[in-house]
Amino acid sequence: MVSNKLRKKVAVIGAGPGGLTSAMLLAYRGFDVVLLEKSDRVGGRNAELKVDDYSFDTGPTFLHQKFTLDEVFLEAGRNSEDYIDFVKLDPMTRLSWGDTSLDTSFEIDRMAENVEQAFPGQADGYRRYMDEHAAKLKAIYPCLLRPYHKLSTLLSPTLLKAFPHVATNSSVVDVLDQYFDDLRLQLAFTFQAKYLGMSPWKCPALFSILSYIEYRFGIYHVQGGLCKISEAMAKVIEEEGGEIRLNSPVKQLHYNGSRVSSVELEGGEKIPVDDVVVNADYANAMRTIMGDRCQTDNSLKKKKFSCSTFMLYLGLDKLYQDAPHHHILFADDYRTNVSEIQSEQTVSDDMSVYVRNSSVTDPHVAPEGHSGIYVLVPTINNRHEYDWETNTQAYRNKILDRIEQRTTFKNIRDHIVAERIITPVDWQNRDIYMGATFNLTHSLDQMLYFRPHNRFQNFQNLYLVGGGTHPGSGLPTIYESARISSNLISDNRNVPYQRVDIGSSLL
């Protein structure tokens, strides 16, 4: 056991999924960890949102690539299932295009049957996709487990092996065109690009592995909501002697040359540190807490940012038992919809809508006989300052019209007894730069070495975690970013740790 005098002090700024994972791993490894969170609860965009008697996830609504979460818990000496109640969903998600729907499954034979029923003649393309993407994921996966804070890492054997999949001008749609003739079915294997806030016509081809990961390993609900993952991590941190300080916003960092020397809170307290992990929204952190090394809006706006989301959180006095747990309604002209979103200027009237009806699975999120409905509509970020204040109610009504017309949520308005709306402006007011909920885009010029580094460039002891650094956005990759950064800190401090790798054995 390391003596208290020798333990290195690590301040983790932000208790989102990345900050919690870092704090959990570092506390277990013997660091003196203080986790600083501006809010009154842990989780960030993965926190619980309460609306009267209804409990919602603020952001992510399901877990894919569960083995990564299992790995970081095991590396903290814990079994995730001792802390979290997982439910593997099958069917996973209902996808709808007008009168055609497809229920997705991780069972290959069942999924092939569903594909053939909805899109006759396409099942063979699905099976070929699954076979060939097994090899593609095996090549790419190791590249996501290592840092890229040195230019020489671009010559690593793992990346060179994956190079044909990475260095291509093809898009995710280009890849899926090799397997499916029907554009709607292509979209069933490309809509996951929304996790990256990108259009599947522009999203790099390597990300066709995202749908493979879902269809191969399945997706999970967490009873009580995915916010329970954040709460479980907080419990482990405290069990390991880490300190969690809520309602503790950071004002700025102070430096001694290329080292961060202390973290100053809004109240004036200065916390001396050996290392710092930043889990705040990347661009917002760069313009607010970096002290005399803050970046300007002009420099940050030169980067490419993801779309935003328009959110409805609805408490209903009715349980829609016949509606699926997850349902995606595709826009009639999906390509125009995503092009308008990418334009960062046009709010689509023909929108795509995601509805989560978790009350059919989870009795903990709403009163008995009631349901909590989560609605997400991808839309433009706030780069051009669209007037959401004037247009919010009209857009809300258009979304409800589409839900009533195209799902079994008939007369949903008559059953709303609690409601919360979050617009792109609201996201921006929550310190998400431009309201870009998926952070920086994942274009080739903002990936790997060209993405903000896990050990932040030009600093010796400042580390980044979250969607704004490598490997990128989405819960599993955020957990991985935290593990990469924690390992860099441990390596620099000669602190041993044991690597757990479930994923490679499953590929």
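Residue indices follow the written sequence of each chain, beginning from 1 at its first position. Only residues with pLDDT of at least 70 get local features here, since the model is predicted, and only at 80 or more are side-chain atom pairs given and counted; chain-wide, interface and lining totals rely on the full set of residues. Think of the side-chain values as coming from all heavy atoms in the structure, minus any hydrogens and water.

So, the packing of helix α1 (residues 17–28) against helix α15 (residues 475–492)
Here an angle of 0 to 180 degrees is reported between the N-to-C directions of two axes, which are lines fitted to C-alpha atoms, with helices fitted over the stretch in contact. Helix numbering and strand numbering both begin at the N terminus, where a helix is a DSSP run of H or I of at least 4 residues and a strand a DSSP run of E of at least 2. Interaxial distance between α1 and α15 falls to 8 Å at its minimum, and their mutual angle equals 40°. When the axis of α1 is compared with that of α15, the two are oblique. Here α1 and α15 pass one another in a crossing that is right-handed. Contacts between α1 and α15 involve Pro-17, Gly-18, Thr-21, Ser-22, Leu-25 and Leu-26 from the first element and Leu-475, Ile-478, Tyr-479, Ala-482, Arg-483, Ser-486, Ile-489 and Ser-490 from the second. Split by residue class, the contact of α1 with α15 holds 8 nonpolar, 5 polar and 1 charged. Just so you know how the angles are binned, under 35 degrees is roughly parallel, over 145 roughly antiparallel, 65 to 115 roughly perpendicular, and the rest oblique. Crossings are sorted by hand: turned counterclockwise from the far helix by less than a right angle, the near helix makes the crossing left-handed, and turned clockwise it makes it right-handed. Working rule for contacts: check all heavy atoms of both residues, and any pair within 4.5 Å makes them a contact. We call Asp, Glu, Lys and Arg charged. Ala, Val, Leu, Ile, Met, Phe, Trp, Tyr, Cys and Pro are nonpolar, and the rest, Gly among them, are polar.

Re the nonpolar core
Among the nonpolar cores identified, the biggest contains 72 residues, and Leu-102, Phe-189 and Tyr-215 are the most heavily contacted of them. Among the buried residues, those of types Ala, Val, Leu, Ile, Met, Phe, Trp, Tyr and Cys that are joined through side-chain atoms within 4.5 Å form a nonpolar core. For the exposure calls, accessible area comes from a 1.4 Å probe over protein chains only, and a residue counts as buried if that area is under 20% of its type's maximum, exposed if over 50%, partly exposed in between. Counting residues in hydrophobic clusters, the runner-up holds 39 residues, among them Val-10, Leu-69, Ile-84 and Val-222.

Some remarks on the environment of Gly-315
As for its position among the elements, Gly-315 is in strand β15 (residues 308–316). Assessed through its relative accessible area of 0%, Gly-315 is described here as buried. C-alpha separation for the pair Gly-315 and Tyr-374, spaced 59 residues apart in sequence, amounts to 8.9 Å. Not counting chain neighbours up to four residues away, the residues in contact with Gly-315 comprise Tyr-54, Phe-56, Ser-371, His-415, Ile-416, Val-417 and Ala-418.

Points about the state of the cysteines
Put simply, a disulfide is two cysteine sulfurs that come within 2.5 Å. The tally for this structure, following the rule as stated, stands at 0 disulfides. Here Cys-143 stays unpaired: no disulfide links it, and the sulfur of Cys-203, its closest cysteine neighbor, is 16 Å away.

Description of the sheet that holds strand β10 (residues 243–245)
Pairs of strands are assigned from DSSP output, requiring at least two bridges between the strands. Taken together, the 5 strands give an open sheet; going across it, the order is β10-β2-β1-β14-β20, and neighbouring strands pair in parallel fashion. Because the sheet does not close on itself, it has two edges, and the strands there are β10 and β20 (462–464). On average, each strand axis in the sheet is inclined to that of its neighbour by 20°, with strand direction left out of account. Summarising the sheet, strand β14 (residues 275–278) and β20 pair through 3 bridges and their orientation is parallel. Across the sheet, residue Val-276 finds its bridge partner in β20, namely Leu-462. Packed on one face of the sheet, α15 meets β14 and β20 and runs near 160° to β20.

Side note on the pairing of strand β4 (residues 54–57)
Along β4, one buried face is formed by Tyr-54 and Phe-56 and the opposite face, lined by Ser-55 and Asp-57, is buried too. Where strand β3 (residues 48–51) meets β4, 4 bridges bridge the pair, whose relative direction is antiparallel. Within β4, the residue paired with Leu-49 across the bridge is Phe-56. Hairpin connection between β3 and β4: a loop of 2 residues separates the two successive antiparallel strands, and Asp-52 in this loop has a positive phi of roughly 55°.

Considering the pattern of salt bridges
Salt bridges are counted wherever a side-chain nitrogen of Lys or Arg sits within 4 Å of a carboxyl oxygen of Asp or Glu. This model, assessed by the stated rule, comprises 32 salt bridges. In this structure, Glu-344 engages Arg-383 in a salt bridge whose closest nitrogen and oxygen atoms are separated by 2.6 Å. Of this pair, Glu-344 sits in the loop between α12 (334–343) and β17 (353–356) while Arg-383 is found in the loop between β18 (371–379) and α13 (388–406), placing the two residues 39 residues apart along the sequence. According to the relative accessible area criterion, Glu-344 is buried, its value standing at 14%. A single salt-bridge network, built from bridges that share partners, covers Arg-29, Glu-71, Glu-75, Glu-480, Arg-483 and Arg-499.

Function cannot be inferred from these measures alone, as they are strictly geometric.
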